[in-house]
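Survey of secondary and tertiary structure
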Amino acid sequence: MTGTTQKWDVVIVGGGMVGAALASGLAAQGFSVAVLEQQEPAEFVAASRPDVRISAIGASSVALLRQLEVWPLVQAMRCTPYRRLETWEWHTARVGFDAQSLGLPELGYMVENSVLQRALWQRLQQQEVALISPARLKALQPINGGWQLTLEQGDTLSARLVIGADGANSQVRQLAGIGIRGWNYAQSCMLISVQCEQDAGDCTWQQFTPEGPRAFLPLFDRWASLVWYDSPARIRQLQAMSMAQLGQEISSHFPARLGKVTPVTAGSFPLVRRHATRYVLPGLALVGDAAHTINPLAGQGVNLGYRDVDALIDTLVSSRERAEDWASAGVLQRYQRRRQKDNLLMQSGMDLFYFAFSTPAAPLKMVRNLGLIVAERSGVLKRQALKYALGL
């Protein structure tokens with residue numbers, strides 16, 4: 001490739017869970033696609049411990065992955081259906097959702113990020129997609145109605161459309177001069193892979209405490225993932241502990257229904273909210289975390305990314321069928337209009353939920369628990385909220 005500029009319809013920077021899904025969908029629609037990825041996902045090893053990073057993949061995201069012929073590859077590795085979801089602060093004010101009430105076989109699946117990335121990569125290898133890895137973007141400039149990308153190794157590519165799918169600290173977003181609005185939350189989050197004494201079951205649950213939520217995500221066999229929100233100082237303290245010490249902390253801070261668990265690995269990260277001031281420029285679009293990051297409270301991050309993918313593929317294909325310039329600002333604005341409001345609504349909804357439950361004031365405590373009781377008893381409203389979260 002050195003010394004020549006390769007030309008593509010679409011160059012996607014970032015071959016993670018969202019970028020790879022977009023590449024697969026666009027290639028299936030006949031676009032010439034190249035993917036730049038810093039590191040190819042590792043091979044799946046059946047005997048391995050679960051990845052500490054887990055995504056709760058909702059029903060509409062599973063439908064997209066089936067359409068892309070990726071879901072059977074995920075199932076050939078491992079994933080776990082969850083059929084019930086419960087949340088509470090007071091034990092008397094508990095709200096529960098179940099798949100049966102929506103006529104679904106499951107609400108969604110718990111999938112390790114590494115499994116999903118590997119399955120998507122395998123699918124891209126079966127398609128006519130140029131996978132350029134390892135590759136790092138060095139420069140990006142508009143040229144002849146498209147963009148030229150310069151890689152660190154000196155190679156150049158040109159594209160009618162460049163997609164930033166390169167995460168929360170998106171280089172594409174920065175090089176294109178697109179700003180962000182956002183803030184850091186007052187908490188950090190710890191993810192802990194644990195082995196349970198009993199089967200992990202098919203219910204994911206979340207308890208709100210004065211320090212922050214505690215959540216349980218069932219995985220395969222007797223594995224599960226725990227999510228612990230707390231102050232950054234407390235999370236740093238937990239991160240410095242041995243697994244035996246962490247096990248003692250879990251048993252004294254998680255509800256009794258957890259039972260006895262053995263922590264095996266843990267990782268932590270700060271909570272940040274970011275939203276790009278715009279998703280598009282002529283010949284350029286942002287998807288997934290490059291456009292928006294969300295409080296991971298309800299596991300909506302990757303699902304919002306898949307809604308972006310669905311909307312962008314639909315926008316580009318419809319535009320091409322009408323013989324329009326599908327990479328033009330006017331066409332890409334349609335994608336932005338479809339997605340920006342929905343993402344903002346979900347971000348704000350999660351924030352409202354987060355702040356309402358992280359305020360210790362007694363009157364608010366009463367109001368929010370009454371709210372949970374009302375939500376539990378209002379069948380139609382409860383079903384509508386769940387359907388929205390699942391993208392149905």
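Looking at an unreviewed UniProt entry, the protein chain carries the name 2-octaprenyl-3-methyl-6-methoxy-1,4-benzoquinol hydroxylase, with the source organism given as Erwinia typographi. Heading Sequence similarities (unreviewed entry) of the UniProt record for the protein chain holds this comment: "Belongs to the UbiH/COQ6 family."

1. Brief notes about the packing of aromatic side chains
Within the structure shown, the criterion is met by 7 aromatic pairs. Consider the rings of Phe 31 and Trp 326, whose centres lie 5.0 Å apart with planes at 85 degrees: the pair is edge-to-face. With Phe 31 in the loop between α1 (17–28) and β2 (33–36) and Trp 326 in the loop between α8 (301–321) and α9 (329–357), this pair connects stretches of sequence that are 295 residues apart. The same class applies to Phe 31 as to Trp 326, namely buried. Geometrically, the ring pair formed by Trp 71 and Tyr 109 is edge-to-face, given 4.9 Å between the ring centres and 65 degrees between the ring planes. Of this pair, Trp 71 sits in helix α3 (residues 71–77) while Tyr 109 sits in strand β7 (residues 108–112), and the two are 38 residues apart along the sequence. The same class applies to Trp 71 as to Tyr 109, namely buried. Each member of the aromatic cluster is reached from another via a ring pair, and the members are Trp 88, Trp 205 and Phe 216. In this arrangement the basic side chain of Arg 320 is found over the ring face of Phe 31, its NZ or CZ atom lying 4.3 Å from the centre.

2. Section: the pattern of salt bridges
When the charged atoms of two side chains with opposite charge come close together, those side chains can pair. Inspection of the entire model under this criterion finds 19 salt bridges. A salt bridge links Arg 118 to Glu 43, with the nearest nitrogen and oxygen atoms 3.3 Å apart. Of this pair, Arg 118 sits in helix α4 (residues 113–126) while Glu 43 sits in the loop between β2 and β3 (54–58); the two residues are 75 residues apart in sequence, bridging distant segments of the chain. Here Glu 324 and Arg 334 are joined by a salt bridge, their closest N and O atoms 2.9 Å apart. In this pair, Glu 324 is assigned in the loop between α8 and α9 and Arg 334 in helix α9, connecting sequence segments 10 residues apart. On the accessibility criterion, Glu 324 (28% relative accessible area) is partly exposed. What emerges from the salt-bridge pattern is a single network uniting Arg 83, Arg 84, Glu 86, Asp 202 and Arg 257.

Criteria and thresholds
Residues numbered from 1 in each chain as written. Predicted model: local features only at pLDDT ≥ 70, side-chain atom pairs only at ≥ 80, totals over all residues. Heavy atoms only, no water. UniProt positions renumbered as here; feature names shortened; annotations may be inferred. Phe/Tyr/Trp six-rings, centres within 6.5 Å; stacked < 30°, edge-to-face > 60°. Helix = DSSP H or I, 4+ residues; strand = E, 2+ residues; numbered from the N terminus. Buried < 20%, exposed > 50% of the residue type's maximum accessible area, 1.4 Å probe, protein only. Lys NZ or Arg CZ within 6 Å of the ring centre and 35° of its normal. Salt bridge = Lys/Arg side-chain N within 4 Å of Asp/Glu carboxyl O.

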